[in-house]
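# Fold and geometry: a report
Spelled out from the first residue to the last, the chains are:
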Amino acid sequence: MEIKSENTCFGGSQGVYTHASEVCGCDMTFGLFLPEAAQSGPVPVLWYLSGLTCTHENAMTKAAAQGWADEAGIALVFPDTSPRGEGVANDEAYDLGQGAGFYVNATQDPWKPHFRMWDYIADELPALLGAEFALDMDRQAITGHSMGGHGALTLAMGLPGRFRSLSAFAPIANPTKSDWGRKQFSAYLGGDEATWAKHDATLLMQQQGFDGPVLIDQGTNDQFLDLLKPEALAEAMAARLQEGAFRMQKGFDHSYFFMMSFMEEHVAFHAEALYA
């Protein structure tokens with residue numbers, strides 16, 4: 001693992017690290033914020049999964065999360081959104097290929113040699129973090145935005161018992177019924193739609209839900225509402241009597257201004273569960 005940078009941030013440290021990923025078959029970069037409390041012992045972990053076109057850096061520099069995480073004594077992990085580099089398949093469209101991994105394990109060419117973001121987030125990166133840093137991997141929570149909200153929801157429900165709490169900002173909520181999903185699932189997973197279901201948050205909520213509290217925030221002025229399909233997830237949560245809240249926030253769009261406006265509440269929500 002190579003240290004790219006480490007900067008004092010609030011009472012802790014914001015680092016950026018690169019490592020050779022066996023799962024993705026390329027070098028992967030991630031950001032990790034360690035709060036001041038990590039100097040005294042292992043701290044719980046909040047994962048932040050980013051959206052289309054983003055890298056590890058976007059949320060790290062724009063989401064305004066580190067100050068609240070430092071106060072709460074929580075580490076923040078900012079993974080990249082896809083494999084990258086020479087020899088890694090890509091596409092001219094912004095919503096497929098590098099920057100658009102969709103947190104799945106691709107089974108189709110040319111994507112399958114590298115696009116294994118599910119295994120990277122579920123297995124490889126947690127193992128590295130637990131081995132290298134002062135983190136309590138028995139206390140994890142997860143959040144994300146847009147495509148990252150989709151990833152947070154599907155990973156949390158797909159890995160029962162892993163995460164104590166789950167939140168999302170404007171997630172892609174019903175990808176099997178959306179062009180933000182059908183296009184990518186067809187490319188990465190093939191034409192058998194039965195294989196797509198475990199990557200659809202609405203279907204997972206209908207089938208099993210999440211064993212813990214859930215917080216979803218969605219802006220009413222989001223320019224991508226027709227692609228996100230928040231109403232499907234809200235209906236599934238209500239039908240299941242899922243513990244948590246689905247909030248429509250008046251006037252907010254899909255930008256990082258939306259996320260930073262509610263980040264304090266999301267970090268506090270996760271802190272309550274992580275320190276319960």
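Residues numbered from 1 in each chain as written. Predicted model: local features only at pLDDT ≥ 70, side-chain atom pairs only at ≥ 80, totals over all residues. Heavy atoms only, no water.

### Here we look at unusual backbone geometry
- Omega for the peptide link from Asp 109 to Pro 110 comes to 0 degrees, which places this bond in the cis form.
- Residue placement: Pro 110 occurs in the loop between β5 (75-79) and α3 (117-132).
- A positive phi angle, near 55 degrees, is found at Tyr 103, a position not held by glycine.
- Secondary-structure assignment places Tyr 103 in the loop between β5 and α3.
- The exposure class assigned to Tyr 103 is buried, which follows from its relative accessible area of 0%. (Helix = DSSP H or I, 4+ residues; strand = E, 2+ residues; numbered from the N terminus. Buried < 20%, exposed > 50% of the residue type's maximum accessible area, 1.4 Å probe, protein only.)

### Some details on α3
- The largest bend along α3 reaches roughly 35 degrees and is located at Leu 125, with the proline Pro 126 sitting one to four residues downstream.
- Of all the residues in α3, the buried ones are Met 117, Trp 118, Asp 119, Tyr 120, Ile 121, Ala 122, Glu 124, Leu 125, Pro 126, Leu 128 and Leu 129.
- Residues of α3 that are buried in the fold lie against β2 (12-21), β3 (26-34), β4 (43-49), β5, β6 (135-144) and α4 (147-158). (Bend = angle between axes of the 7 residues up to and from the residue. Contact = heavy atoms within 4.5 Å.)

### Topic: the side chain of Glu 124
- Mapped onto the elements of the fold, Glu 124 is located in helix α3.
- Within the buried core, Glu 124 has no salt-bridge partner, and the shortest N-O distance to an opposite charge, that of Arg 116, equals 8.9 Å.
- A polar side-chain atom of Glu 124 sits 2.6 Å from a polar atom in the side chain of Ser 21. (Lys, Arg positive; Asp, Glu negative; His and termini not counted. Salt bridge = Lys/Arg side-chain N within 4 Å of Asp/Glu carboxyl O. Polar contact = N/O pair within 3.5 Å; in protein donor to acceptor, adjacent residues only side chain to side chain.)

### Considerations on the side chain of Ser 167
- Tracing the sequence through the fold places Ser 167 in strand β7 (residues 166-169).
- Non-local contacts of Ser 167, meaning those with residues more than four positions away in its chain, are made with Ile 142, Thr 143, Gly 144, Ala 152, Leu 215, His 266, Phe 269 and His 270.

### Things to note about the pattern of salt bridges
- This structure, assessed with the given rule, holds 8 salt bridges.
- Residue Asp 80 pairs with Arg 84 through a salt bridge whose shortest N-O separation is 2.7 Å.
- Judged by its relative accessible area of 5%, Asp 80 falls in the buried class.
- Linking Asp 95 and Lys 183 is a salt bridge whose minimum nitrogen-to-oxygen distance equals 2.6 Å.

### Re the state of the cysteines
- Applying the stated criterion across every chain, the model contains 0 disulfides.
- Cys 26 takes part in no disulfide bond, and the closest cysteine sulfur to it belongs to Cys 24, at a distance of 5.3 Å.
- Residue classification places Cys 26 among the buried residues on the basis of a relative accessible area of 11%.
- Unpaired in this structure, Cys 54 has its nearest cysteine sulfur neighbour in Cys 24, at a distance of 17 Å.
- Taking relative accessible area as the criterion, Cys 54 reaches 6% and is therefore assigned buried. (Disulfide = S-S within 2.5 Å.)

### Focus: the nonpolar core
- Ranked by internal contacts, the top residues of the largest apolar core, which has 90 residues, are Phe 30, Leu 32, Trp 47, Leu 129, Leu 135, Ile 142 and Tyr 188.
- In this structure Ile 142 touches Leu 46, Trp 47, Leu 49, Ala 152, Leu 155, Ala 156, Phe 163, Ser 165, Leu 166, Ser 167 and His 270, once residues within four positions along its chain are discounted. (Core = buried A, V, L, I, M, F, W, Y, C linked by side-chain atoms within 4.5 Å.)

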